[in-house]
Amino acid sequence: MAYRPSDSVLLSWIEEEYDVATDETFASGCESDATTENSPHHTDTEQSNDSASDERANLPISEPPNPPILQCIPSRTTLQPSSQHRSQKRPPATATMQLSGIQYTGKDEHTNWAIRFDDKGTRNARKKIDNLASIRKVFESFVSSCNSSYTPGEYLTIDEKLEGFRGRCMFRQYISSKPDKYGIKIYAMVDARTFFTVNMEIYPGKQPAGCPYPTDNSAAAVVKRIFRPIDKSGRNITMDNYFTSVPLANDLYANHRTTIVGTIRKNKPQLPPEFLNVKERPVGSSMFGFGKEPNNTLLVSYVPKKNKNVLMLSTLHDDDTNDPETGDDNKPEVITFYNLTKGGVDVVDRKKKDYSVKRVNNRWPLVIFCGLLDLATVNAQIIYFSNTGDTIPRRKFITNLAMDLVKPHLLRRASVDVLSIGLRQSIKNVLGQDLPVRNERQETFGRKPRCAYCPVRKNRFTSVCCVESSAYGHLCVPYRVLLWAGVIPIDIPALRDR
């Protein structure tokens, strides 16, 4: 019994040995191979190098018994060009977009992506009055969508996070308590229970003169800007000692119907001296201070260790109750509540880093954009769970989300008549459904049509087409060789030359 190679081996050999554009070139190539094979001057080295080709030449391809009339290929699922084999590692990516359609800049085209988020023609004029001109429009559009897409709960957290970045940026920050240390600081307000990010603001540094955007970067001003989506809604905000102050707490309570709970620094002038002296106080003791109108705050001093003092400020609590569940520690309820609601922003950062699209680059707008993409998946899963109650792993959710987003584009791309069969097969595998049959290619006068199964880069022309069904298009020489070899099932009526 004669040896028959697999479809992929035979197809790859045809692609390599007969990379031709016309039928005539293929015929002349076959004649030259036969002449070389029978030549007495054929050296041993050449014979060893061409041994694989000689073995293939002895296959039924070169001398088929009673060659049949060329048959039409019954199914495109049996054909996968070599370009499809190379893209099997990333089928969704290759099915969605082509590499040649991506624009690059710089000497190394694979490291510097030409992704911009604003109008380059007016950027220099806008940068004179705004440090965030390169990303502001995209950032504000994303934040606006977050505000309008979800109604947060009664407890929220305001904190700062850091998008890791070590490149050149005039407002890059250093925060020793963050994992990335260096980066772009972003203030965020997050739901303390569901961890949905409601609002954000980038720290822009000192803005130029004439900036139309807010320029006050003080902690109180940042809190008043970032909590606007929940203004006068009766909610509570948990914050750390960077934001907490007595004037801010009283202002939010009296004018905005918003309470706060947070730690407070010892250098605040409103703190009584008795709350700062802990040398003679026992471990586990607490001291409570209640303000008088117009001061509506509760001040707590707790000693967790010897000579260690924890100061808390709250407008939510109004008593000196301790939490019985803390046992011998005897912690006040203010501290227990703070520990339960303080980690909203940190949890979001951990979720983002589990599955991140961020890559190392030297452009700070791209760093912020990648952070927005990661945050979008976190917020989207929270909305999905709130609407359906379905708890699925985040990895699976991100995969399903990506497929739902690219599906309309894949369907539009599959309708292109000049799309190669390999790419159509990749789209079919990604979508998991049959694609509509494309229309027959229109022939232009004085020029042969292209092969329906080869990618455009092969530039193969042929006049052979299917008799019974025009959906299969035209067929070039390498694929006709597959039919002659019997690799492709022959159960559709013949092709004819025209």
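Description of the structure in this document. (Residues numbered from 1 in each chain as written. Predicted model: local features only at pLDDT ≥ 70, side-chain atom pairs only at ≥ 80, totals over all residues. Heavy atoms only, no water.)

1. Here's the deal with the overall build of the protein
Here is step 1: For the protein, the count of helices and strands is 16 helices and eleven strands.
Here is step 2: A buried classification covers 44% of the 498 residues belonging to the protein.
Here is step 3: Once local pairs closer than 6 in sequence are excluded, the contacts in the protein between residues at least 24 apart make up 61%.
Here is step 4: Of the accessible surface of the protein, which amounts to about 27,600 Å², a share of 51% is contributed by carbon and sulfur atoms. (Helix = DSSP H or I, 4+ residues; strand = E, 2+ residues; numbered from the N terminus. Buried < 20%, exposed > 50% of the residue type's maximum accessible area, 1.4 Å probe, protein only. Contact = heavy atoms within 4.5 Å. Areas by Shrake-Rupley, 256 points an atom, 1.4 Å probe, with all protein chains shown as cover.)

2. Notes on the pattern of salt bridges
Here is step 1: Enumeration over the complete set of coordinates arrives at eleven salt bridges.
Here is step 2: Of the charged contacts, one joins Glu-163 and Lys-352 as a salt bridge, the two residues approaching to 2.5 Å between their closest N and O atoms. Here the residue Glu-163 occupies a position in strand β1 (residues 155–164), and Lys-352 occupies one in helix α12 (residues 344–354), the gap between them amounting to 189 residues.
Here is step 3: The structure contains a network of salt bridges with shared partners spanning Asp-118, Arg-123 and Arg-126. (Salt bridge = Lys/Arg side-chain N within 4 Å of Asp/Glu carboxyl O.)

3. Considerations on helix α9 (residues 219–226)
Here is step 1: Of all eight residues in α9, six are buried, a share of seventy percent or more.
Here is step 2: Where α9 is concerned, the buried positions are Ala-219, Ala-221, Val-222, Val-223, Arg-225 and Ile-226.
Here is step 3: Looking at the buried residues of α9, the elements they touch are β1, β3 (182–191), β4 (197–202), β5 (236–239) and α10 (246–255).

4. Considering the environment of Pro-436
Here is step 1: By the element assignment, Pro-436 lies in the loop between α15 (421–431) and β10 (464–466).
Here is step 2: On the accessibility criterion, Pro-436 (54% relative accessible area) is exposed.
Here is step 3: Here the alpha-carbon distance between Pro-436 and Ala-414, two residues 22 residues apart in the chain, equals 8.0 Å.

5. Notes on the nonpolar core
Here is step 1: Judged by nonpolar contacts, the single largest core of 55 residues is most densely connected at Ile-158, Met-189, Met-200, Ile-202, Phe-243, Trp-364 and Ile-368.
Here is step 2: Among the elements that make up this core, the one with the highest residue count is helix α13 (residues 364–388) (nine residues).
Here is step 3: Setting aside residues no more than four positions away along its own chain, Ile-368 makes contact with Ile-135, Phe-139, Ile-184 and Ile-202.
Here is step 4: Counting residues in hydrophobic clusters, the runner-up holds eleven residues, among them Ala-192, Leu-298, Val-300 and Tyr-338. (Core = buried A, V, L, I, M, F, W, Y, C linked by side-chain atoms within 4.5 Å.)

6. Considerations on the packing of aromatic side chains
Here is step 1: Within this structure, the stated rule accounts for eight aromatic pairs.
Here is step 2: Taken together, a centroid distance of 5.2 Å and an interplanar angle of 75 degrees make the contact between Tyr-155 and Phe-337 edge-to-face. Of this pair, Tyr-155 sits in strand β1 while Phe-337 sits in helix α11 (residues 333–341), placing them 182 residues apart in sequence.
Here is step 3: By relative accessible area, Phe-337 is classed as buried at 14%.
Here is step 4: One aromatic cluster is present, built from ring pairs that chain together Tyr-187, Tyr-242 and Phe-243.
Here is step 5: Above the plane of the ring of Tyr-203 lies Lys-185, whose end atom (NZ or CZ) is 4.7 Å from the centre. (Phe/Tyr/Trp six-rings, centres within 6.5 Å; stacked < 30°, edge-to-face > 60°. Lys NZ or Arg CZ within 6 Å of the ring centre and 35° of its normal.)

7. Things to note about the environment of Val-464
Here is step 1: Among the secondary structure elements, Val-464 is positioned in strand β10.
Here is step 2: Residue classification places Val-464 among the buried positions, given a relative accessible area of 1%.
Here is step 3: Along the backbone, Val-464 and Cys-451 are 13 residues apart, and their C-alpha atoms lie at a distance of 8.7 Å.

8. Section: unusual backbone geometry
Here is step 1: Look at the link from Glu-293 to Pro-294: it is a cis peptide, with omega at 5 degrees.
Here is step 2: By secondary structure assignment, the location of Pro-294 is in the loop between β7 (286–290) and β8 (298–302).
Here is step 3: Phi at Lys-181 takes a positive value of approximately 65 degrees, unusual for a residue other than glycine.
Here is step 4: Its place among the elements puts Lys-181 in the loop between β2 (173–174) and β3.
Here is step 5: Lys-181 sits in the partly exposed class, given a relative accessible area of 31%.
Here is step 6: Even without being a glycine, Lys-232 presents a positive backbone phi close to 60 degrees.
Here is step 7: Here Lys-232 is to be found in the loop between α9 and β5.

9. Details of a negative patch on the surface
Here is step 1: A cluster of like negative charges, contributed by Asp-318, Asp-319, Asp-320 and Glu-333, occupies part of the molecular surface.
Here is step 2: In this fold, Asp-320 is placed in the loop between β9 (310–314) and α11.
Here is step 3: Taking relative accessible area as the criterion, Asp-320 reaches 47% and is therefore assigned partly exposed. (Patch = residues over 30% accessible without salt bridge, like charges linked within 9 Å, V, L, I, M, F, W, Y side chains within 5 Å. Lys, Arg positive; Asp, Glu negative; His and termini not counted. Charge placed at Lys NZ, Arg CZ, Asp CG, Glu CD.)

10. Quick look at the pairing of β4
Here is step 1: Counting buried residues along β4, six of its six residues qualify, which places the element largely inside the surrounding structure.
Here is step 2: In terms of strand pairing, β3 meets β4 through five bridges, oriented antiparallel. In the sheet register, Ile-186 faces β4, and the bridge partner there is Ile-202.
Here is step 3: Counting the residues between successive antiparallel strands, the hairpin from β3 to β4 contains five residues, one of them, Phe-195, with a positive phi of roughly 65 degrees. (Pairing = 2+ DSSP bridges.)

This is a description of form; function is not addressed.
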